[in-house]
Amino acid sequence: MKRGLLIILGILIAIAIMISVAPTLIEDPGYILISTGDVILESTVVAMFIRLIILFIVLSLLLKLLKGGINFSFAAWNKVAFASRRRALRDLNKGIAAYVLGDYKQAEHLLAKSADASSLEHIAYLVAADAAQKQSLKPNTEHYLTLLEKSSDTLKAAGLEAILIKIKLLIGQQNYQQAREVIDQHHKHIGHDARLLSLEIELSLIEKRFDYVIKQLSAAKKQKTITSTTITQWQNIAFYGAFNQQIAQHDNNALTQYWQQLPRKTKQVDVIVLAYCQVLAENNIHQPLAKILLPVIKKGADIKLLKAIRSLPITQADDLISAAQKHLHNDPHNALWLSLVAHFAVFSQQWPLAEKAFNTLVNLEGTPYDNVDLLAFSEVLEHQNQLEKANQVLRKIHT
């Protein structure tokens, strides 16, 4: 705009100059001769001045038109050249939104479609793979994971979150070897990131590296983002597996020695005690089992552990019955000891004793029994051919 005003102002000034000098030029128009090679140009001063002004105006207009055309051409080229990328980014955003909303089919379609052109192919294929896995489309998930291998999967390029998603997908696909390779590539970050530590522990449990997991549990307990429930689950699986490995790889004595060498605090954790007792009971190792359980029953303080004992596959429980009955003699209507005497009698197949204890239990005020008691009571009644009564007990579970 300013340039146009300047051009107009210049033309007006030129006209004013022409008007002021016109009388003089009319009387003496002057003479100009330009010679270059064989070309000779002749003109008066007035005519040459007018030609220069016209040339200046034409050149100014031509320059303005050319500049506008160049700008228009660049804008049009930019719009055409990046149209596919804009569409891909639009599809990527829609795909992420669909994934968050739980529309995994649409999310997978849009993310896979946008991957190549969006310049965010790594994250697009990762989320598409996860969307396919949530639809139980294993071939699709494997396809996207294969495409991921062709793109950069370094921590710097993809980010730790993308690496974590990839490991989870590989574990979900049961591709444990490749998951291990990816974790090992980023192993130095395990001590700094609780999520990677969790995946390391989960994969190690699958790989049956139980002793290694037990060592890692101390680090996991220090992580605030890992819940106590998760720690308990890992402890149960890891110690149960480690105890079984001692028997499978060595013998019963090796299992006993392994238990004795554990730290005192470890042997006081309920879930670890139960895992040890579970292995002892499953392998009919009675003496060490009684050595663990009898003190627990005699003290009678750990209610949670005492209730958990009812689910152990114990086959010899005479000593346990005697210990529980001593408590029951002092408090004949105690629901806990009635339940334990009944279950221990079931272990020893002392059906009348078990029936008597269960009958007393279920007739107490309130509901001091649970489904574990009812299922065992039904089994006792079936063994004594009291089928109708057994069915009545089972029906209580669903009421």
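Keep in mind that what you see is a predicted model, and the values were worked out from it rather than measured. (Residues numbered from 1 in each chain as written. Predicted model: local features only at pLDDT ≥ 70, side-chain atom pairs only at ≥ 80, totals over all residues. Heavy atoms only, no water.)

Draft legend 1. Focus on the environment of A357. Note that A357 resides in helix 19 (residues 351-362). Here the alpha-carbon distance between A357 and P332, two residues 25 residues apart in the chain, equals 9.9 Å. When sequence neighbours within four positions are dropped, the list of residues in contact with A357 reads L338, V341 and A342. (Helix = DSSP H or I, 4+ residues; strand = E, 2+ residues; numbered from the N terminus. Contact = heavy atoms within 4.5 Å.)

Draft legend 2. Summary view of the nonpolar core. Ranked by internal contacts, the top residues of the largest apolar core, which has 105 residues, are F243, L293, I314 and F344. For this core, the leading source of residues is helix 18 (residues 335-347), giving eleven residues. Ignoring sequence-local partners within four residues, the contact set of L293 consists of C277, I309, L312, I314 and L320. (Core = buried A, V, L, I, M, F, W, Y, C linked by side-chain atoms within 4.5 Å. Buried < 20%, exposed > 50% of the residue type's maximum accessible area, 1.4 Å probe, protein only.)

Draft legend 3. Seen up close, unusual backbone geometry. Phi is positive for K208, close to 65°, though the residue is something other than glycine. One can find K208 in the loop between helix 10 (194-206) and helix 11 (210-221). Among the residues examined, K208 registers a relative accessible area of 55% and is labelled exposed. Residues other than glycine seldom take positive phi values, yet Q349 does so here, at roughly 60°. One can find Q349 in the loop between helix 18 and helix 19. Residue classification places Q349 among the exposed residues on the basis of a relative accessible area of 57%.

Draft legend 4. Quick peek at the layout of surface pockets. In this model, the largest pocket occupies a volume close to 600 Å³. Around the largest pocket, the lining comprises 20 residues; the ones closest to its centre are W259, K267, K291, I292 and V296. Elements with a minimum of two residues in the lining of the largest pocket: helix 13 (252-260), helix 14 (270-282) and helix 15 (286-299). A total of seven residues in the lining of the largest pocket trace back to one element, the largest contributor, which is helix 15. Taken together, the residues that form the lining of the largest pocket break down as nine nonpolar, five polar and six charged. (1 Å grid on protein atoms, 1.4 Å probe; cavity = no way out; pocket = protein on both sides within 12 Å on 5 of 7 lines; lining within 4 Å. Points joined across faces, edges and corners; volume = space filled by probe spheres on them. Nonpolar A, V, L, I, M, F, W, Y, C, P; charged D, E, K, R; others polar.)

Draft legend 5. Highlighting helix 5 (residues 121-134). When the terminal C-alpha atoms of helix 5 are compared, their 20 Å separation across 14 residues agrees well with the 20 Å that a helix rising 1.5 Å per residue should span. With respect to burial, helix 5 is a largely interior element, ten of its 14 residues being buried. When we look at burial in helix 5, the residues that qualify are H122, A124, Y125, L126, V127, A128, A129, D130, A131 and A132. Following helix 5 by one or two positions, S136 adopts a phi angle in the positive range, close to 60°. (Expected span 1.5 Å × (residues − 1).)

Draft legend 6. Seen up close, the pattern of salt bridges. For the structure on display, the rule yields ten salt bridges. Taking the shortest distance from any N to any O, the salt bridge between D130 and K134 comes out at 2.7 Å. You can see D130 and its partner K134 sitting in helix 5, four residues apart, about one turn around the helix. With relative accessibility at 13%, the residue D130 sits in the buried group. By relative accessible area, which is 43% here, K134 ends up partly exposed. Where salt bridges share partners, they join R180, D184, E200, E207 and R209 into one cluster. (Salt bridge = Lys/Arg side-chain N within 4 Å of Asp/Glu carboxyl O.)

Draft legend 7. Just helix 19, in detail. Taking 1.5 Å per residue as the helical rise, helix 19 with its twelve residues ought to reach 16 Å, and the 16 Å between its terminal C-alpha atoms agrees with that figure. Where helix 19 is buried, its residues contact helix 18, helix 20 (371-383) and helix 21 (387-397).

Draft legend 8. A look at a nonpolar patch on the surface. Together, L89, L120 and I123 line one region of the surface with nonpolar side chains, adding up to about 200 Å² of accessible area. Tracing the backbone shows L89 in helix 3 (residues 83-100). You can call L89 partly exposed: its relative accessible area is 30%. (Patch = residues over 30% accessible without salt bridge, like charges linked within 9 Å, V, L, I, M, F, W, Y side chains within 5 Å. Areas by Shrake-Rupley, 256 points an atom, 1.4 Å probe, with all protein chains shown as cover.)

Draft legend 9. Spotlight on the packing of helix 5 against helix 8 (residues 160-172). Running from N to C, helix 5 and helix 8 cross one another at 30°; their axes reach a closest spacing of 10 Å. The chirality of how helix 5 crosses helix 8 is left-handed. Residues H122, L126, A129, D130 and Q133 of helix 5 form the contact with helix 8, whose participating residues are A162, I165, K166, L169 and G172. Of the residues contributing to the contact of helix 5 with helix 8, the split by class is five nonpolar, three polar and two charged. (Axes fitted to C-alpha atoms, helices over the stretch in contact; angles between N-to-C directions. Left-handed = near helix turned anticlockwise from the far one by under 90°.)

Limitation: the analysis is restricted to geometry and does not speak to function.
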